[in-house]
Amino acid sequence: MRVAATGLAKCFRDPKRGEVRAVDGLGFEARGGEVLGLLGANGAGKTTTLRLLATMLAPTAGDAVVCGHSITRAPEEVRRHIGFLSATTALYGRLTPRETLAYFGRLYGLAPARVAARTSELFARFGVDGFADTRCDRLSTGMKQRVSIARTVLHDPEVIIFDEPTAGLDVLAARAIVDFVRDCRGRGACVLLSTHVMSEVEQLCDRVAVIHEGRLRCCEPLPALQARAPSGRVEDAFVGLVGAAG
């Protein structure tokens, strides 16, 4: 098991609402060679959950083990094994894509030759070659996202966390990312994918976790989720679950 969360919770203090339980006792598992989709409306707790697993936030309660390491007791070890891309991930505008990967390669402790080889491989994979030496602040939104993903997987992590990776992208850019997620699963990586695009869920996900108001409504194989709706559509099954929770 690559990821195992138990009783994971995160509370915040809001001046108007008081204590807000953004994540409320979540427990689920994710395996190597599969894509686990996280579905939920805005504010459901998906992004907070992913940030907890990526050790960007400390849990209020509970824990998770990622590649054998606790997010509370060994966060630095967890970070060595994951790649994390969020909807708010930004690039350094003054750096070029090549300089960006060289910089993060040093942070990951990779040998220069390994960084160069991996950079060539990823730039070819994502069609970044023609923009490798262009400053990032001059790139299109889609090209920036491709560079961000290359940065995320530069060190070939065992667990890859994608938080809405295709948000705001055109069809071609989104398709390149969907294909890459499929390739990651094929090479045995564990992929956690948060998305609002139901067609991506149906194309990519082996299992799906539905989160509503910080709580887990279900975590089951994709066919089981589809079977919850007479139409067989993930969107209808999701609306049914969230409506029942509300």
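Bear in mind that the values here come from a model prediction, so they are computed numbers and not experimental data.

S.K.: How should a nonpolar patch on the surface be read in this particular structure?
M.R.: On the surface, Tyr92, Tyr103 and Leu107 cluster together into a nonpolar patch covering about 310 Å² of accessible area. By the element assignment, Tyr92 lies in the loop between β6 (82-85) and α3 (97-108).

S.K.: I would appreciate a short explanation of the sheet that holds strand β2 (residues 18-30) in the present structure.
M.R.: Pairing within the open sheet is antiparallel, and its four strands lie in the order β2-β1-β4-β5. Two strands close off the open sheet at either side, each with one partner strand: β2 and β5 (69-70). Here strand β1 (residues 3-14) runs beside strand β4 (residues 61-66); their pairing, made up of five bridges, is antiparallel. Residue pairing across strands places Thr6 opposite Asp63, the latter belonging to β4.

S.K.: I would appreciate a short explanation of unusual backbone geometry in the present structure.
M.R.: With the exception of glycine, most residues fall at negative phi, and the peptide bonds are largely trans. Backbone geometry at Thr55 places phi at a positive 65°, although glycine is not the residue there. As for its placement among the helices and strands, Thr55 is situated in the loop between α1 (46-53) and β4. The class of Thr55 is buried, set by a relative accessible area of 12%. Residues other than glycine seldom take positive phi values, yet Asp156 does so here, at roughly 55°. Of note, Asp156 is situated in the loop between α5 (141-152) and β7 (159-163).

S.K.: Could you clarify how one ought to interpret the pairing of strand β9 (residues 207-212) in this entry?
M.R.: The two faces of the sheet receive side chains in turn, since in a regular strand these alternate between them. Most of β9 is tucked away: six of the six residues are buried. On β9, burial covers both faces: Arg207, Ala209 and Ile211 on one face and Val208, Val210 and His212 on the other are all buried. Two elements, β9 and strand β10 (residues 215-221), share six bridges in a ladder whose sense is antiparallel. Its bridge partner lying in β10, His212 is registered against Arg215. The turn linking β9 back onto β10 is made up of two residues, and Glu213 within it adopts a positive phi angle of 55°.

Rules used throughout
Residues numbered from 1 in each chain as written. Predicted model: local features only at pLDDT ≥ 70, side-chain atom pairs only at ≥ 80, totals over all residues. Heavy atoms only, no water. Patch = residues over 30% accessible without salt bridge, like charges linked within 9 Å, V, L, I, M, F, W, Y side chains within 5 Å. Areas by Shrake-Rupley, 256 points an atom, 1.4 Å probe, with all protein chains shown as cover. Salt bridge = Lys/Arg side-chain N within 4 Å of Asp/Glu carboxyl O. Helix = DSSP H or I, 4+ residues; strand = E, 2+ residues; numbered from the N terminus. Pairing = 2+ DSSP bridges. Buried < 20%, exposed > 50% of the residue type's maximum accessible area, 1.4 Å probe, protein only.

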